[in-house]
Amino acid sequence: MYSSSLSYLIIPSYLKYRTVTVNHEGVRVKRFLTRGTQQGGVLSPLAWNIAFDNLLQTFPKGQVKICGFTDDACLIVTGESPLLLRFLMQEAIDKALAWGRERGLQFSGPKTVAVLFTHRRVFRTPPPLRVGSTELPYSSPVRYLGVELDNKLEETCSQKGQNC
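All chains use their own residue numbering, which begins from 1 and follows the written sequence. The predicted nature of this model means local features are confined to residues of pLDDT at least 70 and side-chain atom pairs, given and counted, to a pLDDT of 80 or more, with totals for whole chains, interfaces and linings taken over all residues. The side-chain numbers reported here are obtained from all heavy atoms of the structure, hydrogens and water having been left aside.

### Some thoughts on the overall build of the protein
Just so we agree on the cut-off: A run of H or I in DSSP becomes a helix once it reaches four residues, and a run of E becomes a strand once it reaches two; helices and strands are each numbered from the N terminus. Partly exposed residues are those whose accessible area sits between 20% and 50% of the maximum for their type, while under 20% is buried and over 50% is exposed, using a 1.4 Å probe and protein chains only. The contact rule is simple, with two residues in contact once any of their heavy atoms fall within 4.5 Å. We get accessible surface area from the Shrake-Rupley algorithm with a probe of 1.4 Å; when it comes to residues, only the shown protein chains can shield them.
Looking only at helices and strands, the protein has three helices and nine strands in total. In the protein, the order of α-helices and β-strands from amino to carboxyl end is α-β-β-α-β-β-α-β-β-β-β-β. Here the protein holds 164 residues, and 20% of them are scored as buried. Contacts spanning at least 24 positions in sequence make up 40% of the contacts within the protein whose residues lie at least 6 apart. Accessible surface for the protein amounts to roughly 12700 Å². Of this, 56% is attributable to carbon and sulfur atoms.

### Digging into the pattern of salt bridges
For the record, the criterion: Definition used for salt bridges: Asp or Glu carboxyl oxygen within 4 Å of a side-chain nitrogen of Lys or Arg.
Inspection of the entire model under this criterion finds two salt bridges. Residues Arg 103 and Glu 102 are paired through a salt bridge, measuring 3.2 Å at the closest nitrogen-oxygen approach. Here Glu 102 falls in the exposed class, since its relative accessible area comes to 64%. The salt bridge involving Arg 130 is made with Glu 135; its shortest N-O contact spans 3.3 Å. Accessibility expressed as a relative area gives 46% for Glu 135, which makes it partly exposed.

### Observations regarding the packing of aromatic side chains
Going by this rule: Classification of ring pairs uses Phe, Tyr and Trp, with its six-membered ring standing for Trp, and accepts pairs whose centres are within 6.5 Å; under 30 degrees between planes counts as stacked, over 60 as edge-to-face, and the remaining range as tilted. Throughout this description, the term charge over a ring refers to an Arg CZ or Lys NZ atom that lies within 6 Å of the ring centre and within 35 degrees of the ring normal.
Within the structure shown, the criterion is met by one aromatic pair. Here Lys 95 stacks its cationic end above the ring of Phe 59, 5.0 Å away from the centre of that ring.

### Remarks on unusual backbone geometry
Glycine aside, residues mostly have negative phi, and peptide bonds are mostly found in the trans state. In this structure, Glu 25 takes a positive phi of about 50° despite not being glycine. By secondary structure assignment, the location of Glu 25 is in the loop between β1 (19-24) and β2 (27-32).

Right, here's the structure in full:
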């Protein structure tokens, strides 16, 4: 009983009543923080995981899969038709963007990368995907969680002479 009532008091105070003070050239400004959690805070990863898990649950079944690690998400769709894959992926991106908007979160278009993995020698590249107003050209290679992959799904090392 004691621990749950203590948690009831601590968690809200962790998210509210936080301030930042800036002193610059003799001017002192104090503001209340209204978003986010403390970087390096003990509860920050847990708070993010609770929120982020909801995004992962948004794609429970279907052709589009989602993988998450810390604050990175990867949407994956597989199939034969590049045009159909592009359509399904754009729907998934739009769904993730809507999820973020509902929660006051934004995904960074410039930090988002699209890769069309294929072993085909010749294929027609579909139109680029979009994250909001940002057009995503298809990239190769792509670096995800420290691993660099080219569009033929061949792992490459980012440092010469390094074994993968």
